[in-house]
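This is what each chain is made of:
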There are 2 protein chains.
Amino acid sequence: MSRPDTPAPRRRTKATSIDIAHRAGVSQATVSRVLRGSPLVNAETRRRVEEAVRELNYTVDRHASSLRLQRSGTLALLLFEDPTADESHINPFFLSMLGSITRACARAGQDLLVSFQQLSDDWHADYADSRKADGLILLGYGDYLSYRGRLDTLVEQGTRFVRWGAVLPDQPGLSIGCDNFHGGELVGAHLAGLGCRRVAFLGDASSHYPEFLDRYRGCDAALRAVGGAMDPALQVDAQSSEDDGYAAARELLARRDGGGAVAFDAVFAASDLIAIGALRAFEEGGLDVPGDVRMVGFDDIPAARFTHPALTTVAQDTTSAGELLVETLLALVDGQPAQSRMLPAQLVVRRSSGA
Amino acid sequence: MSRPDTPAPRRRTKATSIDIAHRAGVSQATVSRVLRGSPLVNAETRRRVEEAVRELNYTVDRHASSLRLQRSGTLALLLFEDPTADESHINPFFLSMLGSITRACARAGQDLLVSFQQLSDDWHADYADSRKADGLILLGYGDYLSYRGRLDTLVEQGTRFVRWGAVLPDQPGLSIGCDNFHGGELVGAHLAGLGCRRVAFLGDASSHYPEFLDRYRGCDAALRAVGGAMDPALQVDAQSSEDDGYAAARELLARRDGGGAVAFDAVFAASDLIAIGALRAFEEGGLDVPGDVRMVGFDDIPAARFTHPALTTVAQDTTSAGELLVETLLALVDGQPAQSRMLPAQLVVRRSSGA
DNA sequence: CTGAAAGCGCTTACAG
DNA sequence: CTGAAAGCGCTTACAG
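Per an unreviewed UniProt entry, the recorded name for chain A is LacI family transcriptional regulator, and the organism is Lysobacter arseniciresistens ZS79.

**Q** Can you walk me through the side chain of D214(B) in this structure?
**A** All names here are of chain B. Along the polypeptide, D214 turns up in helix α9 (residues 210-224). Although D214 is buried, it forms no salt bridge, and the closest oppositely charged side chain is R217 at an N-O distance of 4.3 Å. When neighbours within four sequence positions are excluded, D214 is seen to be in contact with N180 and F181.

**Q** How should I be thinking about the protein's contact with DNA strand C in this particular structure?
**A** Around DNA strand C lies a shell of 27 residues, among which R33(A), T45(A), Q28(B), S32(B) and R68(B) are the nearest. Backbone atoms, meaning sugar plus phosphate, form 63% of the atoms of DNA strand C positioned within 4 Å of the protein. Contact between DNA strand C and N42(A): a phosphate oxygen at 2.9 Å from a main-chain N or O atom of the residue. Measuring from a base oxygen of DNA strand C, one finds a side-chain N or O atom of Q28(B) at 3.3 Å. When residues of the surface near DNA strand C are traced back to their parent elements, those giving at least two are α2 (28-35) and α4 (62-69) of chain A together with α2 (28-35) and α4 (62-69) of chain B. For the surface near DNA strand C, the per-class residue count stands at eleven nonpolar, ten polar and six charged.

**Q** Which parts of the structure should I look at to understand the pairing of strand β6 (residues 199-202) of chain B?
**A** As a general feature of sheets, a regular strand has side chains that alternate between the two faces. All names here are of chain B. The two faces of β6 match: V199 and F201 on one face and A200 and L202 on the other face are all buried. Of the strand pairs in this sheet, β6 and strand β7 (residues 235-236) are connected by two bridges, and their pairing is parallel. Note on β7: the bridge partner recorded for F201 is Q235. The β-α-β motif built from β6, the intervening α9 and the parallel element β7 has right-handed crossover chirality.

**Q** What am I meant to see in the UniProt feature "domain: HTH lacI-type" (unreviewed entry) in chain A here?
**A** Here, the residues flagged by UniProt with the feature "domain: HTH lacI-type" (unreviewed entry) are residues 15-69 of chain A. In the segment residues 15-69 of chain A, helix accounts for 69% and strand for 0%; the C-alpha atoms at its two ends are 20 Å apart.

**Q** Please clarify how the interface of chain B and chain A should be interpreted in this entry.
**A** You'll often see interface size given as the accessible area lost when the parts meet. Across the contact, 49 residues belong to chain B and 49 residues belong to chain A. Where chain B touches chain A, the interface holds six salt bridges. Between K132(B) and D111(A) there is a salt bridge, with the nearest N and O atoms lying 2.9 Å from each other. On inspection of chain B and its partner chain A, the count reaches twelve residue pairs in polar contact (both at pLDDT 80 or more). At the level of elements, α4, β1 (74-81), α5 (92-107), β2 (111-118) and α6 (123-129) of chain B are the ones that each hand at least two residues to the side of chain B that touches chain A.

Criteria and thresholds
Residues numbered from 1 in each chain as written. Chains lettered and ligands numbered in written order. Predicted model: local features only at pLDDT ≥ 70, side-chain atom pairs only at ≥ 80, totals over all residues. Heavy atoms only, no water. Helix = DSSP H or I, 4+ residues; strand = E, 2+ residues; numbered from the N terminus. Buried < 20%, exposed > 50% of the residue type's maximum accessible area, 1.4 Å probe, protein only. Lys, Arg positive; Asp, Glu negative; His and termini not counted. Salt bridge = Lys/Arg side-chain N within 4 Å of Asp/Glu carboxyl O. Contact = heavy atoms within 4.5 Å. Near = heavy atom within 4 Å. Polar contact = N/O pair within 3.5 Å; in protein donor to acceptor, adjacent residues only side chain to side chain. Nonpolar A, V, L, I, M, F, W, Y, C, P; charged D, E, K, R; others polar. Pairing = 2+ DSSP bridges. Right-handed = clockwise from strand over helix to strand, strands pointing away. UniProt positions renumbered as here; feature names shortened; annotations may be inferred.

Encoded structure:
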């Protein structure tokens, strides 16, 4: 613990490139060159500067650098939430996207600013305009048609952004998304193979929610291949929460038992959270899964392995998704060509479908 | 789609305060005063400036502002991970902390930089020194003794930081944590009340992992109150993953059936993830929970509701935790008094303890 | 290969 | 109440 007799360092005041320059006996410009890896620096000079940098524990001031470069080295992740969502819970699927995006940013040497937004907030102004971030990653459920206009504004303003969601033909900006149609097909084919023909769908299936709609259509296509089809009487709206799923399943039971008298032998829930809510409603209603009804979800959130019975679902590759989102956004920021992309979906069979 | 005949805006070049000044017919300094809410501005002047700001969709450039103010308005969350952890999965408990911290930052008007770190990385340099953030929030499991030295360095350098974890007496910097000892007591009292006297503990219970150690000791204290005690022969190391829990439970079974011949009537898993792994091991081993063994976890992660049987556990108040972490860190950054704090723990009884 | 200088876009003490 | 000016800490074209 004895102090060596080096001059007492002035704490609190961080070293600047000028301090380094003095110490290394060069100009401040040369320090900057070394730090930015310029090739026009003599090897010995470089060595001296690097030594001083190490001794003073110097790091480039990011604000000064960003101001000068007009580039922040930072990406922002805006996670949109349903304003009705429970304060403390975020859809686990997005949480795992957040994890993979964070990792992808780290690998790409980018910092990541994370923010939860209400769809109603004034987000575009905040991030891109103030140059806090070079580009935006947009993530979240929500009514697509209601925020589409915002995307147009973003494009108009020249903001660089990539969206996670349905990959649609005439869409503003770029999107990375799961191949939801094929995911739906996998579900439909799986259920059809098990003899199901009356597949209920829990989830909005309109152009307001294009991801869900694609899942619905994919399932429909697979049923049609065996002479069946989805029945609109078996579709009940639900957005994304467990409670939505619970309510939707109750509604489905009411239709079956009420005047509607519609029968179903399987349920395709548009998300795992919806499926979990539905599972609860069925358990309360005395319906056995998969005995009486087979159940399939979508997303493969961690909890899907632990539901009772364990949930058959469609996994989206969140690791690749995060990488692709970051990669695509950086291409955009660098003015390089970039395009929307769809990622493969994969069926994960567990007990709830009784396969 | 027809363009109104407004002059074609020059895109790409964001407006600066000088543009606003020209438009409002004032000096650039006055624009800055208005934007920072200075009281020394005439009401009419203020109005004109605000109008120009709106018209040009102006936002203050954060880098310039931060450079001048020597303050970034940004906090950084460093999430440490076990280097051995599965790439794609983060402990759900930390994910929910992340959620609450993000919200707390938003409420406090702070931006949040999120980064995953290995305990071995050179993190302190990166964030505080480069002034990317005004302060750090440190989150994560890991061997406390092995990173303690880093905390000392942080303190020495005058870095502002708050740590989530065990609140220890002689600790460098401030910590916010759950009252782990009391959490353990709740578990011990609950199990004792159900007649258990032989409680196994799955988790490291050394000063390397002070949070787990406190949980262990709390449970021990509660058992002692009824004339029992924890038995070191029933403690098996496990860090935090499900696989650790699985392995630890297997080891426990081996001890019971092998030369050790140690009996147990309950298991207290140091985390829910460990409990979930143990549940799997017991199911494979043909042990019924809670019939043969009662099981209690810690954290109340979302999946705890869905395990089979549903997991009795100790909930930590992540919402308050996030708020307190941010609040405390901001006090530190502002040079105001701040202190370490413990948050209450709450027992959540579900089926796995057979209560 | 290196240095002196301009300038990125702000904020605020200073002078009126 | 307002403006002119200095300066936050960098990066890089320019001139040698």
